[in-house]
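The lines below spell out each chain.
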Amino acid sequence: MMLHEKDLLLIGHPGNRRTTGIQEARSQMGMKPATVLPYENLLQTWRRGGGLAELVKSSSPSPLIRLDAPGEDWEVERGLLHLGATDYEVSDGKVRTDSEPSVKGSKACVATDLPSSLQKVKRESFSAEAALILEQQWGRIYAPAQWFRGWKICLDRIAREARVVWPDVQFWNDPDEIGMMFDKRECQLHLMRHGISVPPILPSSEPIRSWEMLRAGMDASRMHRVFVKLACGSAASGVVAYQVNPRTGAEIAVTTVGMETSQGRTLFYNEGKLQKYTHPEEIRTLLDWLCAEGAQIERWMPKATLNQRAYDIRQLVAAGQAGHAVMRLSHTPITNLHLRNERMLPAEAGLKESHLSMIQKAAQDTIRVFPKSWSAGIDVMLTSGMNPRAYVLDVNPFGDLLYRVKYEGMSPYEWEMKLLRKEPVRHA
Amino acid sequence: MQEVKLVVNYDDYEEGIRMETLLQDLAAKPEAATLESLIIGDWGQAYENSPQEFKDTLIQLAPSFPALKQLFIGDMESEECEVSWIVQTNLAPILQAFPNLTSFVIKGSSGLELEPLQHSKLEELIIICGGLPKKVLHSIAAAELPELRKLELYLGVEDYGFNGSLEDVLPLLEKGRFPKLEYLGLKDSEIQDEIAKAVADASILEQIQILDFSEGTLSDEGAEALLASDKIKQLKHLNLSYHFMTDEMMERFKQSGMSVDVSDQQEIDEDDWRFPMLTE
């Protein structure tokens, strides 16, 4: 079995928790360390007009490629915004930069000087050139739709170039499917079409681009409590629990998104602390932005609670098997916060065996509809009440970074490496 | 004790299941005859639908629950419905349909009425809400509840339905109003200081053993009045948990020799806004 163990090419950030964790697990399991290809190098190479081929040893046998999370690295963030800029064009692998030099500095083109009722809400956008010299403001959420376009281009290009170097290359998770998992709109639709239970999506004949359209949709469907989620956000970033009281008209929006308005322009941030908005004006600004950038809008279904705290479960699946599971508990509607929410193991919480198997089954069914992906972290909720059912909330292609949880005595990465040996990735 | 909680969750509601159906099913089971505690949780979109939907059914079915002592209507989390958005209705007829009830707990106060409030065996009345309407306070003040031992009211804030003032609370403080009352909770109030000052020397304290001013906006102002009162010193216990008192004031309570809970001290924010606990 050991003879044909494939080399692992890891595209990620050298030295971060993920890369280090994977390398440690490989050494623990007596496997060769992965070759690490930094996203940063790759993006730079592309900008220079080069490609993946020059960064890898093409003479070596085809590796297994794992794409890891691209986030939490400012150079890469800028690089992806650059790739996603509308004035960024590729011809024969070269970047055409024939556009006139743009306004100096990293000025965003957001028009917010008119009341939003009078204008079509625009997405934030940066020119390709401006994106590269953006200065980082801590926590700020930059042009999410543009970022996502850049990330999709990146995924696409990696897949194409890798297949040129190694026609029989295999991916841990297929880049196309990663793109689909990342887009909550596409992902939830895909799951629904394959019979997986997901929270009902707000019906609408056209994409919802503004608060006004959102409200019209909610009223028409009598769906008074919804989650509005940035289509390409990860974890709790860009998630709003929004409810409207049909009797009084009162509104409440709970979210991690903070807003700062100066000179008629609003910037949006990830806040460490939950924000609660009740003023219609603020709510409108927030949701106009979110809807314009692209949002998944679904029914806010009451989650099962444990000691008055709502919870959901991150269930890791790899090679079709259900492994590590972590419960995330919160007094707020948003359970998947990174830092502040309490975590528990299902066994500690006394979660019933029957409930746990329901969750595992939902997660396993989910990964099956991504036939070219080998592992994912699936977020599953149970409904409140006496006979709960499982609903899939999110599929995270990089959802195996879980701390302080063991399964069969192994950390998530160790477990995956062991499985990888026993049941290597087979999909093309 | 036998206890059952009924909940209409999302899937149930979509499938047309209603609290009415769950109550009928429960009444048809043999365990109904010995059931002592019934908790009615989310009845489905409680921000829009009130217990009016199942009220008549529950009243009709009352003879099927001859052993019932405790009834809770509206036990739900904010995940299901914000407490201030829970729609209630006049629940007094339900109380009357269960003459052996000793404990009645209500969560949510929007649209709540208790008229007329009469019960010969009720020992405990608890209303948990974001703001208690003065109409309900008036009904309680005029109630006939000869066995009432514990009265616990979340008074809340104006934004969430507290449309009264101290004037509407005062009638509850007359000695003998409820001859057997031992536990008085006037809590989670935005006028907690005013209430503390009014209660500090009220005649009702001569019959009260436990006074509960927790979860409100109590500060040194109200606390001073409590410390100065001899009647307060006679209490078996004083609950001031969740408060805005200073460290010095807390220390004075600790030194007083009283049985007093001063836990969960809150920080006053820069604008000197003080909020009761249950304001969502």
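Residues numbered from 1 in each chain as written. Chains lettered and ligands numbered in written order. Predicted model: local features only at pLDDT ≥ 70, side-chain atom pairs only at ≥ 80, totals over all residues. Heavy atoms only, no water.

## Observations regarding the overall build of chain A
Counted only if it meets this: The numbering of helices and of strands both runs from the N terminus, where a helix is a DSSP run of H or I of at least 4 residues and a strand a run of E of at least 2. Burial classes: relative accessible area under 20% of the type maximum marks a residue as buried, over 50% as exposed, and values in between as partly exposed (1.4 Å probe, protein chains only). Every residue pair with non-hydrogen atoms within 4.5 Å of one another is taken to be in contact. Per-residue and other accessible areas were derived by the Shrake-Rupley procedure at a 1.4 Å probe size, with only the shown protein chains allowed to occlude residues.
Of regular secondary structure, chain A possesses 12 helices and 17 strands. Taken over 428 residues, chain A has a buried fraction of 56%. Expressed as a percentage of contacts within chain A between residues at least 6 apart in sequence, the contacts between residues at least 24 apart total 66%. When the accessible surface of chain A is split by element, carbon and sulfur atoms take 51% of a total near 19,300 Å².

## Some words on the overall build of chain B
This is how it is decided: Between the two quantities, the radius of gyration covers C-alpha atoms and the globule rule is 2.2 Å times the number of residues to the power 0.38. Charged residues are defined here as Lys and Arg on the positive side and Asp and Glu on the negative side; His and the ends of the chain fall outside this count. Just so you know, the charge point we use is NZ for Lys, CZ for Arg, CG for Asp and CD for Glu.
In terms of helices and strands, chain B carries 10 helices and 10 strands. In terms of overall dimensions, chain B is globule-like: its C-alpha atoms have a radius of gyration of 20 Å, near the 19 Å expected for 280 residues. Summarising its shape, the C-alpha atoms of chain B cover approximately 60 × 40 × 30 Å along the three principal directions. Looking at chain B residue by residue over its 280 residues, the buried ones come to 58%. Contacts in chain B between residues far apart in sequence, at least 24 positions, make up 69% of those at least 6 positions apart. In the structure as shown, chain B presents an accessible area of about 11,200 Å², 45% of it carried by carbon and sulfur atoms. Positive and negative side-chain charges in chain B, numbering 22 and 54 respectively, have mean positions lying 9 Å apart.

## A short note on the packing of helix H8 (residues 220-228) of chain B against helix H10 (residues 247-255) of chain B
Residue and element names in this part refer to chain B. Under the convention used in this document: Lines fitted to C-alpha atoms define the axes here, with helix axes fitted over just the stretch in contact, and angles between the N-to-C directions of these axes take values from 0 to 180 degrees. Relative orientations are named as follows: roughly parallel for angles under 35 degrees, roughly antiparallel for angles over 145 degrees, roughly perpendicular for angles from 65 to 115 degrees, and oblique for any other angle. By convention the crossing between two helices is left-handed if the near helix lies anticlockwise of the far one by an angle smaller than a right angle, and right-handed if it lies clockwise. Ten residues, namely Ala, Val, Leu, Ile, Met, Phe, Trp, Tyr, Cys and Pro, are considered nonpolar, four, namely Asp, Glu, Lys and Arg, are considered charged, and the remaining ones, Gly among them, are considered polar.
Between H8 and H10, whose axes approach to 10 Å, the crossing angle comes to 20 degrees. As judged from the angle between their axes, H8 and H10 are roughly parallel. In this structure, H8 meets H10 at a crossing whose hand is left-handed. Facing Asp220, Ala223, Glu224, Leu226 and Leu227 of H8, the residues of H10 in contact are Met249, Arg252 and Phe253. A breakdown of the residues in the contact of H8 with H10 according to their chemical character gives 5 nonpolar, no polar and 3 charged.

## A closer look at the confidence of the model for chain B
Convention followed: Known as pLDDT, the predictor's confidence for each residue is given on a scale from 0 to 100.
Counting all residues, the mean pLDDT for chain B is 95, and 99% of those residues have values of 70 or more. Here the complex is predicted with pTM 0.89, and the ipTM for its interfaces comes to 0.87.

## Brief notes about the interface of chain B and chain A
Counted only if it meets this: Buried area: the accessible area, evaluated with a 1.4 Å probe, that two parts lose upon being put together, summed over both parts. One side-chain nitrogen of Lys or Arg within 4 Å of one carboxyl oxygen of Asp or Glu is enough to make a salt bridge. Think of a polar contact as two N or O atoms within 3.5 Å of one another; within protein, one of them needs to be a possible hydrogen donor and the other a possible acceptor, and neighboring residues in sequence only count if both atoms come from side chains.
In this complex, chain B contributes 24 residues to the contact, which on the side of chain A involves 31 residues. Interface of chain B and chain A: buried area, both sides summed, is about 2,300 Å²; carbon and sulfur atoms make up 49% of it. Per-residue buried area on chain B facing chain A is highest for Tyr10, Glu79 and Trp85 of chain B; these three make up 35% of the total on that side. For the pair chain B and chain A, the number of links is 3 salt bridges. The salt bridge involving aspartate 11 of chain B is made with arginine 389 of chain A; its shortest N-O contact spans 3.6 Å. Taken together, the connections running from chain B to chain A amount to 12 residue pairs in polar contact (both at pLDDT 80 or more). Counting residues per element, the ones that place at least two in the side of chain B that touches chain A are strand E1 (3-6) and helix H1 (10-14) of chain B.

## A closer look at the pairing of strand E17 (residues 390-396) of chain A
A regular strand carries its side chains on alternate faces of the sheet. All names here are of chain A. For clarity, the cut-off: DSSP-based pairing: two strands are paired if at least 2 bridges between them are found.
Along E17, 7 of the 7 residues are buried, which leaves the element largely enclosed by surrounding structure. Sheet topology places strand E16 (residues 375-382) next to E17; 6 bridges connect them, and they run antiparallel. In the strand pairing of E17, isoleucine 378 is matched with valine 395.

## Looking at helix H11 (residues 353-368) of chain A
Residue and element names in this part refer to chain A. Condition: By definition here, a helix of n residues has an expected span of 1.5 Å times n minus one. Of all possible arcs, the one meant is that of the directions from the helix axis to the C-beta atoms.
For H11, with 16 residues, the first-to-last C-alpha span of 22 Å sits near the 22 Å given by 1.5 Å per residue. Within the sequence span of H11, burial applies to His355, Leu356, Ile359, Ala362, Ala363, Thr366 and Ile367. End-on view of H11: buried residues confined to an arc of 130 degrees, all on one side of the axis. Looking at H11, the residues exposed on the side facing more than 90 degrees away from the buried face are Glu353 and Arg368. Contacts made by the buried residues of H11 are with helix H7 (184-193), strand E13 (309-318), helix H10 (346-349), E16 and E17.

## So, the sheet that holds strand E1 (residues 8-12) of chain A
All names here are of chain A. With respect to topology, 4 strands assemble into an open sheet ordered E2-E1-E3-E6, the strand pairing being parallel. Taken across any chain shown, the strands that pair with only one partner, and hence form the sheet edges, are strand E2 (35-38) and strand E6 (170-171). Bridge count for strand E3 (residues 64-67) against E6 is 2 bridges, and the pairing is parallel. Among the inter-strand pairings, isoleucine 65 is bridged to a residue of E6, identified as phenylalanine 171.

## Considering unusual backbone geometry
Cis geometry is found at the peptide bond from glutamate 115 of chain B to proline 116 of chain B, where omega equals -5 degrees. Positive phi values are uncommon outside glycine, yet glutamine 263 of chain A reaches one of about 50 degrees. By secondary structure assignment, the location of glutamine 263 of chain A is in the loop between strand E9 (251-262) and strand E10 (265-277).

## Remarks on the packing of aromatic side chains
Aromatic ring pairs are described here by two measures, namely the spacing of the ring centres and the angle between the planes. The condition is simple: Working definition: rings of Phe, Tyr and Trp (its six-membered ring) pair if their centres are within 6.5 Å, and the pair is stacked with planes under 30 degrees apart, edge-to-face with planes over 60 apart, and tilted otherwise. Criterion for a charge above a ring: Lys NZ or Arg CZ within 6 Å of the ring centre, and within 35 degrees of the ring normal.
Per the counting criterion, the structure on display carries 16 aromatic pairs over all chains. Each ring, one from phenylalanine 126 of chain A and one from tyrosine 142 of chain A, has its centre 6.3 Å from the other, and the planes form 50 degrees; the classification is tilted. Note that phenylalanine 126 of chain A is positioned in the loop between strand E5 (94-95) and helix H4 (128-132) and tyrosine 142 of chain A in the loop between H4 and helix H5 (144-165), a separation of 16 residues in sequence. Taken together, Tyr39, Trp147, Phe148, Trp151, Phe182 and Phe398 of chain A form an aromatic cluster joined through their ring pairs. The residue whose ring lies beneath lysine 150 of chain B is tyrosine 183 of chain B, and the NZ or CZ to ring-centre distance is 4.4 Å.

## Points about the pattern of salt bridges
Two side chains that carry opposite charge are able to pair once their charged atoms sit near each other. Per the counting criterion, the structure on display carries 39 salt bridges over all chains. With a closest N to O distance of 3.5 Å, lysine 150 of chain B and glutamate 152 of chain B form a salt bridge. Taken together, the shared-partner salt bridges connect Arg18, Arg66, Asp68 and Asp400 of chain A into one network.

## Some points on the nonpolar core
The condition that has to hold: Joining through side-chain atoms within 4.5 Å is the link that ties buried Ala, Val, Leu, Ile, Met, Phe, Trp, Tyr and Cys residues into a set, and such a set is a nonpolar core.
Ranked by internal contacts, the top residues of the largest apolar core, which has 104 residues, are Phe104, Leu186 and Phe253 of chain B. The greatest single-element share of this core, amounting to 5 residues, is contributed by helix H2 (residues 19-28) of chain B. Dropping the residues within four chain positions of it, phenylalanine 104 of chain B is found in contact with Leu71, Ile73, Leu91, Leu95, Leu114, Leu122, Glu124, Leu125 and Ile126 of chain B. Residues Leu9, Leu42, Val56 and Ala162 of chain A belong to the second largest nonpolar core, which totals 40 residues.

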